[in-house]
Amino acid sequence: MLVAKHHDGFCSGPQNKPATSVKNSPWRDGKGDVVGDVARAARKYGLKFGVYLSPWDRHDPRYNDAAAYDRYYNAELTELAQNYGDLVEFWLDGAGSAGHVYDFPKILETLRHVSARPP
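Residues numbered from 1 in each chain as written. Predicted model: local features only at pLDDT ≥ 70, side-chain atom pairs only at ≥ 80, totals over all residues. Heavy atoms only, no water.

Attention now moves to the overall build of the protein. Summing up its helical and strand segments, the protein has 3 helices and 3 strands in all. Reading the helices (α) and strands (β) of the protein from amino to carboxyl end gives β-α-β-α-β-α. Taken across its 119 residues, the protein has 44% of its residues classed as buried. Carbon and sulfur atoms make up 56% of the accessible area of the protein, which amounts to about 6,800 Å² in all. (Helix = DSSP H or I, 4+ residues; strand = E, 2+ residues; numbered from the N terminus. Buried < 20%, exposed > 50% of the residue type's maximum accessible area, 1.4 Å probe, protein only. Areas by Shrake-Rupley, 256 points an atom, 1.4 Å probe, with all protein chains shown as cover.)

The following block contains the structure:
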């Protein structure tokens with residue numbers, strides 16, 4: 001399991017959605033991808049790969065608009081599931097969510113739909 005995004009909003013992969021990803025850092029000239037590096041290393045050694053993507057991003061301005069933020073989160077989820085191969089496990093939670101009630105059925109539907117697509 002790798003933390004792809006914690007509630008501080010920082011993404012360890014070059015996801016397009018958040019401004020706070022390694023894509024927007026000086027590390028490897030903005031071309032680094034911790035998620036991809038770990039996924040490749042795990043598979044190289046016969047390990048399965050999974051991620052934790054916190055639903056809470058306390059720095060994203062959309063957070064105050066539940067519908068807009070839920071669309072944003074599902075887009076992040078889709079991007080992870082499409083770009084890193086088979087995710088055998090996916091963790092999320094509702095910790096600290098400042099009163100936001102997540103649409104977990106929609107999140108799970110998105111994950112199942114995207115994960116079921118052939119590579």
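Now that the structure has been shown, we can carry on.
Moving on, we get to the pattern of salt bridges. Opposite charge on two side chains permits them to pair, given that their charged atoms come into close proximity. In this structure the tally under the stated criterion is 5 salt bridges. For Glu-76, the salt bridge identified is with Lys-5, shortest N-O distance 2.8 Å. With Glu-76 in helix 2 (residues 66-83) and Lys-5 in strand 1 (residues 2-5), this residue pair connects regions lying 71 residues apart in the sequence. Given the relative accessible area of 1%, Glu-76 is considered buried. Lys-5 sits in the buried class, given a relative accessible area of 0%. When the shortest N-O distance is used, the salt bridge between Asp-37 and Arg-40 registers 2.7 Å. (Salt bridge = Lys/Arg side-chain N within 4 Å of Asp/Glu carboxyl O.)

Residues Val-35, Phe-49, Val-51, Leu-80 and Phe-90 are the most contacted members of the largest nonpolar core, which totals 23 residues. For this core, the secondary-structure elements that each account for two or more residues are strand 1, helix 1 (34-44), strand 2 (50-53), helix 2 and helix 3 (104-115). Looking at which element gives the most residues to this core, the answer is helix 2, with 6 residues. Apart from residues no more than four positions distant in its own chain, Phe-90 is found in contact with Val-51, Leu-53, Tyr-73, Leu-77 and Leu-111. (Core = buried A, V, L, I, M, F, W, Y, C linked by side-chain atoms within 4.5 Å. Contact = heavy atoms within 4.5 Å.)

Further remarks concern the sheet that holds strand 2. Read from one edge to the other, the open sheet built from 3 strands follows the order 1-2-3, with strand pairing classed as parallel. Lying at the two open borders of the sheet, with one neighbouring strand each, are strand 1 and strand 3 (89-91). Neighbour-to-neighbour, the strand axes of the sheet open up by a mean angle of 30 degrees, direction not taken into account. (Pairing = 2+ DSSP bridges. Axes fitted to C-alpha atoms, helices over the stretch in contact; angles between N-to-C directions.)

The next subject is helix 2. The first and last C-alpha atoms of helix 2 sit 26 Å apart over 18 residues, in line with the 26 Å expected at 1.5 Å per residue. Taken together, the buried positions of helix 2 are occupied by Ala-68, Tyr-69, Asp-70, Tyr-72, Tyr-73, Asn-74, Glu-76, Leu-77, Thr-78, Glu-79, Leu-80 and Ala-81. Residue Gly-85 follows helix 2 closely and has a positive phi angle near 70 degrees. (Expected span 1.5 Å × (residues − 1).)

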